[in-house]
Amino acid sequence: DTAVSQTPKYLVTQMGNDKSIKCEQNLGHDTMYWYKQDSKKFLKIMFSYNNKELIINETVPNRFSPKSPDKAHLNLHINSLELGDSAVYFCASSQGQGWAQPQHFGDGTRLSIL
Amino acid sequence: DQQVKQNSPSLSVQEGRISILNCDYTNSMFDYFLWYKKYPAEGPTFLISISSIKDKNEDGRFTVFLNKSAKHLSLHIVPSQPGDSAVYFCAASIGNTPLVFGKGTRLSVIA
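My aim in this report is to walk through the structure given alongside it, one point at a time.

Reading guide: rules and limits
Residues numbered from 1 in each chain as written. Chains lettered and ligands numbered in written order. Predicted model: local features only at pLDDT ≥ 70, side-chain atom pairs only at ≥ 80, totals over all residues. Heavy atoms only, no water. Helix = DSSP H or I, 4+ residues; strand = E, 2+ residues; numbered from the N terminus. Rg over C-alpha atoms; globule rule 2.2 N^0.38 Å. Buried < 20%, exposed > 50% of the residue type's maximum accessible area, 1.4 Å probe, protein only. Contact = heavy atoms within 4.5 Å. Areas by Shrake-Rupley, 256 points an atom, 1.4 Å probe, with all protein chains shown as cover. Lys, Arg positive; Asp, Glu negative; His and termini not counted. Charge placed at Lys NZ, Arg CZ, Asp CG, Glu CD. Pairing = 2+ DSSP bridges. Disulfide = S-S within 2.5 Å. Buried area = accessible area lost by both parts, 1.4 Å probe. Salt bridge = Lys/Arg side-chain N within 4 Å of Asp/Glu carboxyl O. Polar contact = N/O pair within 3.5 Å; in protein donor to acceptor, adjacent residues only side chain to side chain. Nonpolar A, V, L, I, M, F, W, Y, C, P; charged D, E, K, R; others polar. Patch = residues over 30% accessible without salt bridge, like charges linked within 9 Å, V, L, I, M, F, W, Y side chains within 5 Å.

Along the backbone of chain B there are zero helices and eleven strands. Listed by position from the N terminus, the elements making up chain B come as β-β-β-β-β-β-β-β-β-β-β. Taking 13 Å as the expected radius of gyration for a compact globule of 111 residues, we find that chain B reaches 13 Å, a close match to that expectation. A principal-axis box enclosing the C-alpha atoms of chain B has dimensions of 40 × 30 × 20 Å. Split into buried and exposed, the 111 residues of chain B put 45% on the buried side. In chain B, the share of contacts with a sequence separation of at least 24, taken over all contacts with a separation of at least 6, comes to 53%. Counting only carbon and sulfur atoms, one obtains 49% of the accessible surface of chain B, whose full area is about 5400 Å². The averaged location of the 9 negative side-chain charges in chain B is 4 Å from the averaged location of its 11 positive side-chain charges.

So this is what it looks like as structure tokens:
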């Protein structure tokens, strides 16, 4: 059983398109996250949700809009894709809001913008 | 400005020997440190953590050492096994602020 699953695994699309990445966790966790790993390999937090409520938005362009229909799901919608959006996007979850809590990551979605 | 630095992009170690992965940080306010391990095409998995009130934490073959005065932590893996070959990320947090990750060190354990 996959604990944190995200789809699709790969996404290749053209500049200007709109795309979504879905994430689901079956761990019963109440906090979910989106991270971006850029070409320099840094993992950077984008958003954090606790019980469907937005907790952290780390100065991400408003072309990125997370949606949490319930605490097991956190989807990421991206409008008007740009070349700089090419990266690997990881979803993660943890129990509780403390950053010291171990986070469980999905396998990532590799987004390539042509 | 990199607050968490892993200055060695890669490390090769023979099976059975000790692997030592290093991490330096600049912000003395960090109060919790975590290590994650990542295999290709998978997400990071939590390995071990340490609070700033401790200087050592051990879990099986994995030990993390924290030297607050030097703003340095290290992960020791003894004995190293081929399955330990992965990228290791160091991460740090201050209270309720998000984790800051290093760039990772690729460990290769040679049989």
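A word on the sheet that holds strand E8 (residues 72-77) of chain B. All names here are of chain B. Read across the open sheet, the five strands follow the order E1-E3-E8-E7-E6; overall the sheet is antiparallel. Only two strands of the sheet have a single neighbouring strand rather than two, namely strand E1 (4-5) and strand E6 (56-59). Relative to E8, strand E7 (residues 62-67) runs antiparallel, the two sharing six bridges. Bridge pairing links Leu66 to Leu73 in E8.

Moving on to the state of the cysteines. All names here are of chain A. By the definition in use, this model includes two disulfides over all chains. Here Cys23 engages in a disulfide with Cys91; their sulfurs sit 1.8 Å apart. As the torsion about the S-S bond is roughly -80°, the Cys23-Cys91 disulfide counts as left-handed. In this pair, Cys23 is assigned in strand E3 (residues 19-25) and Cys91 in strand E9 (residues 87-94), connecting sequence segments 68 residues apart. Taken individually, Cys23 and Cys91 each receive the classification buried, so the pair is uniform in this respect.

With 19 residues of chain A in contact, the opposing surface of chain B contributes 20 residues. With both chains or domains summed, chain A and chain B bury close to 1600 Å², and 67% of this area falls on carbon and sulfur atoms. The three residues of chain A that bury the most area against chain B are Phe42, Leu43 and Trp99 of chain A, which together make up 37% of that side's buried surface. Taken together, chain A and chain B are joined by zero salt bridges. Taken together, the links from chain A to chain B amount to four residue pairs in polar contact (both at pLDDT 80 or more). Mapped onto the side of chain A that touches chain B, the elements with two or more residues apiece are strand E4 (31-37) and strand E5 (43-50) of chain A. Looking at the side of chain A that touches chain B residue by residue, the class counts come to ten nonpolar, four polar and five charged.

Residues and elements named next belong to chain B. On the surface, a cluster of nonpolar side chains totalling about 220 Å² of accessible area is made up of Ile18, Ile20 and Val78. Tracing the sequence through the fold places Ile20 in strand E3 (residues 19-25). Ile20 sits in the partly exposed class, given a relative accessible area of 36%.

In this section: the pattern of salt bridges. With the rule as written, the count across this model stands at four salt bridges over all chains. A salt bridge links Arg63 of chain A to Glu82 of chain A; its shortest N-O distance comes to 3.4 Å. With a gap of 19 residues between them, Arg63 of chain A in the loop between strand E6 (53-57) and strand E7 (64-70) and Glu82 of chain A in the loop between strand E8 (73-78) and E9 connect regions that are remote in the sequence. Classification of Arg63 of chain A by relative accessible area gives buried; the value is 14%. Note on Glu82 of chain A: relative accessible area 42%, which makes it partly exposed. For Lys56 of chain B, the salt bridge is made with Glu58 of chain B, and the minimal N-O distance between the two is 3.9 Å. In the salt-bridge network here, residues are joined through shared partners; they are Arg63, Glu82 and Asp85 of chain A.

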